[in-house]
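These are the residues of each chain, in order.
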Amino acid sequence: MATGKRHLFVGLVFVYIFIFFISNYIFKPSIQDIFLYIVIGLLFAIWPDVDTKSLGQKVFYTIFLLMDVYLIWKHQYKIAAFFGLIIILPVLAKHRGWTHSKIAMVLVPLPILLYPMITGGLLDFSNLPFYTVAVIGYFSHLLLDGRF
Ligand SMILES: [Zn+2]
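As the structure is a computational prediction, the values presented were derived from the model and not from experiment.

K.L.:
I'm lost on the coordination of the zinc ion in this one. Help?
P.N.:
For a metal with four tetrahedral donors the ideal donor-metal-donor angle is 109.5 degrees, while six octahedral donors give ideal angles of 90 or 180 degrees. At the metal site, the zinc ion is ligated by Asp 49 (OD), His 100 (NE2), His 141 (NE2) and Asp 145 (OD), and these contacts range over 1.9 to 2.2 Å. If you look at the zinc ion, its 4 donor atoms make angles of 90 to 166° with each other, and the shape they trace is irregular. Sequence positions of the donors to the zinc ion reduce to the motif D-x50-H-x40-H-x3-D. Residue His 100 is located in the loop between α4 (77-92) and α5 (102-107), and its partner Asp 145 is located in the segment after α7 (128-144); the two are separated by 45 residues in the primary sequence. Residue classification places His 100 among the buried positions, given a relative accessible area of 2%.

Structural data, given as structure tokens:
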């Protein structure tokens, strides 16, 4: 089993290849976009291990906790309740269960792509590079875990 550090390193290599490819062949991303590509790619490179004691679990459950406290502070109890329900799902599953599936690699980052469409009501694919780098980070994890 690869450690969180190995997943971060391999994820960083994949994110670098992604940034190199889009910079040379598609468009010049801003420094802010490059920073976000690295952060998103690395987060998704460690996400699949959220179902076991790992770096990914520490990082994501810290983010989940802060998010839930924020929602409660903002009196968004219904959203906080649903959020709480969703975030316990990975720990109920067996290790390398659904979080290590190819379909999860495509579906889990999907809110990144859909967010501008849901909030704007238009067919807005402006988050496609962020979604793509999330899938690439996820892919690097599954590849390192021997899922391909
Ligand atoms: Zn894993």
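From this point, the discussion proceeds with the structure in view.
K.L.:
Would you explain the confidence of the model for the protein in this entry?
P.N.:
Any residue range with low pLDDT should be treated as having predicted coordinates unsuitable for detailed reading. Here the protein averages 93 in pLDDT, while 99% of its residues score no lower than 70. For the protein, the element scoring lowest by mean pLDDT is α4, at 88; α7 scores highest, at 98.

K.L.:
Could you clarify how one ought to interpret the environment of Ser 101 in this entry?
P.N.:
Looking at where Ser 101 falls in the secondary structure, it is placed in the loop between α4 and α5. Along the chain, Ser 101 and Ser 54 lie 47 residues apart, while their C-alpha atoms are 18 Å from each other. Ignoring anything within four residues of it in the chain, the contact list for Ser 101 reads Tyr 138 and Leu 142. At 3.2 Å, the side chain of Ser 101 and the backbone nitrogen of Ala 104 are in polar contact.

K.L.:
How should the nonpolar core be read in this particular structure?
P.N.:
Where a protein is soluble and globular, its nonpolar side chains tend to be buried together. Counting 24 residues, the largest nonpolar core has Tyr 37, Trp 47 and Tyr 138 as its most contacted members. Here this core gets 7 residues from one element, more than from any other, and that element is α7.

K.L.:
Whenever I open this one, the packing of aromatic side chains confuses me. Can you help?
P.N.:
The geometry of two aromatic rings is summed up by the distance between their centres and the angle between their planes. Applying the stated criterion across every chain yields a total of 11 aromatic pairs. A centroid spacing of 5.3 Å and a plane angle of 50° characterise the contact between Tyr 37 and Phe 130, whose relative ring orientation is tilted. Here Tyr 37 is found in helix α2 (residues 31-46), whereas its partner Phe 130 is found in helix α7, with 93 residues between them in sequence. When sorted by exposure, Tyr 37 lands in the same class as Phe 130, which is buried. Feature note: the residues Trp 47, Phe 60, Tyr 61, Phe 64 and Phe 83 constitute an aromatic cluster, connected by ring pairs. Lys 102 extends its terminal NZ or CZ atom over the ring of Phe 148, reaching a point 5.1 Å from the ring centre.

K.L.:
I'm lost on a nonpolar patch on the surface in this one. Help?
P.N.:
The grouping of Phe 9, Val 13, Tyr 16, Ile 17, Phe 20, Phe 21, Tyr 25, Ile 26 and Phe 27 at the surface amounts to a nonpolar patch, some 1,000 Å² of accessible area in total. Position of Phe 21 among the secondary structure elements: in helix α1 (residues 4-25).

K.L.:
Which parts of the structure should I look at to understand α4?
P.N.:
A turn of α-helix holds 3.6 residues, and therefore any two residues three or four places apart point the same way. Here α4 spans 23 Å end to end across 16 residues, near enough to the 22 Å set by a 1.5 Å rise per residue. Every buried residue belonging to α4 is among Ala 80, Gly 84, Ile 87 and Pro 90, and all of these are buried. Down the axis, α4 shows its buried residues gathered within 115° of arc, on one side only. Exposed side chains of α4 directed beyond 90 degrees from the buried face belong to Lys 78, Phe 82, Leu 85, Ile 86 and Leu 92.

Conventions adopted
Per chain, residues are indexed from 1 in the order of the written sequence. Under the rules for a predicted model, residues below a pLDDT of 70 receive no local features and side-chain atom pairs below 80 are neither given nor counted, while totals for whole chains, interfaces and linings still include all residues. No hydrogens and no water enter the side-chain calculation; it runs on all heavy atoms of the structure. Sodium, potassium and calcium take a 3.2 Å donor cutoff, other metals 2.8 Å, and in both cases only N, O and S atoms count; water is not among them, so sites may look incomplete. Irregular is the default label, applied whenever a site is not tetrahedral (four donors, all angles between 85 and 135 degrees) and neither square planar nor octahedral (four or six donors, opposite donors over 155 degrees apart, all other angles between 65 and 115). Starting at the N terminus, helices and strands are each numbered in turn, a helix being any DSSP run of H or I of at least four residues and a strand any DSSP run of E of at least two. Exposure classes here rest on a 1.4 Å probe applied to the protein chains alone. A residue is buried below 20% of its type maximum, exposed above 50%, and partly exposed in between. Each residue gets a pLDDT score, which is the predictor's confidence in that residue and runs from 0 to 100. Any pair of residues with heavy atoms lying within 4.5 Å of one another is described as a contacting pair. Polar contacts, as counted here, are pairs of nitrogen or oxygen atoms within 3.5 Å of one another; within protein the pair requires one atom able to donate a hydrogen and one able to accept it, and residues that are adjacent in sequence qualify only if both atoms are side-chain atoms. Put simply, a nonpolar core is a bunch of buried Ala, Val, Leu, Ile, Met, Phe, Trp, Tyr and Cys residues held in one set by side-chain atoms that sit within 4.5 Å of each other. Any two of the Phe, Tyr and Trp rings considered here, Trp counted by its six-membered ring, make a pair once their centres fall within 6.5 Å; the pair's planes then place it as stacked at under 30 degrees, edge-to-face at over 60, or tilted in between. Working rule: Lys NZ or Arg CZ, within 6 Å of ring centre, within 35 degrees of ring normal, means a charge sits over the ring. Like charges are joined within 9 Å and nonpolar side chains (Val, Leu, Ile, Met, Phe, Trp, Tyr) within 5 Å, but only among residues with over 30% relative accessible area and no salt bridge; these make up the patches. What sets the accessible areas is the Shrake-Rupley method with a 1.4 Å probe; for residues, cover comes only from the shown protein chains. Each reported salt bridge corresponds to a side-chain nitrogen of Lys or Arg within 4 Å of a carboxyl oxygen of Asp or Glu. A helix is expected to span 1.5 Å multiplied by its residue count minus one. The arc in question is the one spanned by the directions pointing from the helix axis to the C-beta atoms.

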